[in-house]
Amino acid sequence: MAFPLITDYTTAVRNARSRFATLDLVPELDSRGVPVFMAGNFATVFKATENSTGSRVAVKCFIRDMPDVEKRYRAIAAMIAKTKASLFINLRFCPNELFVHSTSAGNGAYPVVVMPWIEGRTLGQVIRNLCTNNKQNGLASLTRVWARLSLTMLSLGIAHGDLKHDNVMAAPDAVLKLIDYESMYVPSLKGLHSLVLGGVHYQHPKRETSHFNPSVDHFSILVITLSLRALTLDPKIYGRCNNGENIIFTRDDFAAPRQSKLVNHLLASKDGLVRDWTKVLLSSLASPSIAIPGIDKILKQAEKIAS
């Protein structure tokens, strides 16, 4: 199925009053009168306000075909409503909601996903600020919060599918929230495939689209947890290793770990957790499986870190 271009959606959202079937929204406009949006891999997200409540919302409009899009989002929405876990953002899938004039995809009503607009900074921005200002206690605290979020996901038997620095938001109340649910696994979606393989600086090199189960996040969780612990002990690592698309690890570290300066530096750390978790990373990279036995044990250790 073809979907409209971003410019098509922009025109439709600008004329929100006559284009949405059920939603009563006022789009936020920039200084040129253009709706404020952020473009992603599968969708474009517009910022708007609900007339009835005055609440700011994010309206996700699809720009690429997403197999089983309605099935996926309804299952994810049901899981969020059932668990009421603070790491998720409530969402609603609205089929045939936004009427768009499109020469590329055809005129018609297209689905959207609407959810609360989350103010705050990404995990990557928080880490950069803490490292730049040498806030080791803050990094230790962030490690604990991250560990609790990850343990909650594991306990629910779900996986985000694309964990990375800019898919986690730190809300003003210091709660971490996951965003971008396109490749999320929930038990009711068993049998489908991953839509994305995730950021290359966070994913196991052997991951394939057929990997779609609760273990999909194991490697990413370990990468982020180990990165946070290493930075807590030495925030200067960030300046040496961050490239804007990662925290400290890159796919080159995963492709040739024994030749990686970072990996060898961590193996020589004075901290036992850093050494142990780096060895787990090496074992995972050598394994034919992307699942990491004992990942929950690592997270429970991280949850108790004092400094």
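Residues numbered from 1 in each chain as written. Predicted model: local features only at pLDDT ≥ 70, side-chain atom pairs only at ≥ 80, totals over all residues. Heavy atoms only, no water.

1. Section: the sheet that holds strand E8 (residues 168–170)
The following threshold applies: Any two strands between which DSSP finds at least two bridges are classified as paired. Secondary structure elements are defined from DSSP: runs of H or I of at least 4 residues count as helices, runs of E of at least 2 residues count as strands, and each element is numbered from the N terminus. Working rule for contacts: check all heavy atoms of both residues, and any pair within 4.5 Å makes them a contact. Axis definition: a line fitted to C-alpha atoms, limited for helices to the stretch in contact. Angles are taken between N-to-C directions and run from 0 to 180 degrees.
The strand order across the open sheet formed by three strands is E7-E8-E9, and the pairing between neighbours is antiparallel. Two strands in the sheet have a free side with no partner beyond their single neighbour: strand E7 (121–122) and strand E9 (176–178). Against the sheet, helix H5 (residues 136–156) makes contact with E8 and E9, and its axis sits at roughly 40° relative to E9, the strand it touches most.

2. So, the packing of aromatic side chains
The relative placement of two aromatic rings is captured by the distance of their centres and the angle of their planes. What counts is decided by this rule: Note on ring pairs: Phe, Tyr and Trp rings are taken, using the six-membered ring of Trp, and paired if centres are within 6.5 Å. Classes follow the plane angle, with under 30 degrees stacked, over 60 edge-to-face and the rest tilted. Think of it in three bands: residues with accessible area under 20% of the maximum for their type are buried, residues over 50% are exposed, and the middle band is partly exposed, with areas taken using a 1.4 Å probe on protein chains only. Any Lys NZ or Arg CZ that is within 6 Å of a ring centre and within 35 degrees of that ring's normal is treated as a charge sitting over the ring.
Evaluation of the coordinates by the stated rule reveals nine aromatic pairs. When the ring of Phe249 is compared with that of Phe254, the centres are 5.9 Å apart and the planes differ by 25°; the resulting orientation is stacked. Taken as a pair, Phe249 and Phe254 share a single burial class, namely buried. Taken together, the ring pairs in this structure connect Phe3, Phe62, Tyr73, Phe93 and Tyr110 into an aromatic cluster. For Arg64, the ring lying beneath its charged end belongs to Phe42, and the centroid distance is 4.5 Å. Just above the ring of Phe212 sits the side chain of Arg72; from NZ or CZ to the centre is 5.6 Å.

3. Quick word on the environment of Lys236
The topology assignment puts Lys236 in helix H7 (residues 236–241). You can call Lys236 exposed: its relative accessible area is 65%. Along the sequence, Lys236 and Lys206 sit 30 residues apart, while their C-alpha atoms lie 30 Å from each other.

4. Re helix H6 (residues 218–233)
What counts, and what does not: Any helix carries an expected span of 1.5 Å times its number of residues minus one.
Spanning 16 residues, H6 covers 23 Å between terminal C-alpha atoms, matching the ideal 22 Å at 1.5 Å per step. Along H6, 15 of the 16 residues are buried, which leaves the element largely enclosed by surrounding structure.

5. Re the pattern of salt bridges
Spelled out, the test is: One side-chain nitrogen of Lys or Arg within 4 Å of one carboxyl oxygen of Asp or Glu is enough to make a salt bridge.
Applying the stated criterion across every chain yields a total of 11 salt bridges. Between Asp234 and Arg240 there is a salt bridge; the shortest N-O distance is 3.8 Å. Exposure remark for Asp234: the relative accessible area of 24% places this residue in the partly exposed category.

6. Thoughts on the nonpolar core
In plain terms, the rule: The set of buried Ala, Val, Leu, Ile, Met, Phe, Trp, Tyr and Cys residues whose side-chain atoms join them within 4.5 Å is what this entry labels a nonpolar core.
Formed by 104 residues in total, the largest nonpolar core has its most connected members in Phe88 and Phe249. In contact with Phe88, other than residues within four places in its own chain, are Met79, Ile80, Thr83, Leu156, Ile158, Lys177, Leu178, Tyr181 and Met184.

7. A closer look at the packing of H6 against helix H10 (residues 272–286)
Selection rule: If an angle is under 35 degrees, it is roughly parallel; if it is over 145, roughly antiparallel; if it lies from 65 to 115, roughly perpendicular; otherwise it is oblique. Should the near helix be turned anticlockwise from the far one by less than a right angle, the crossing is left-handed, and should it be turned clockwise, the crossing is right-handed. Polar here means any residue other than Ala, Val, Leu, Ile, Met, Phe, Trp, Tyr, Cys and Pro, which are nonpolar, and Asp, Glu, Lys and Arg, which are charged; Gly is therefore polar.
Where H6 meets H10, the closest approach of the two axes is 10 Å, and the angle between their N-to-C directions is 150°. As summarised for this structure, H6 and H10 are arranged roughly antiparallel, according to the angle between their axes. Note that H6 runs across H10; the crossing there is left-handed. Contacts from Phe219, Leu222, Val223, Thr225, Leu226, Arg229, Ala230 and Leu233 in H6 reach Leu273, Val274, Trp277, Thr278, Val280, Leu281, Ser284 and Leu285 in H10. Its residues placed into classes, the contact of H6 with H10 shows 12 nonpolar, three polar and one charged.

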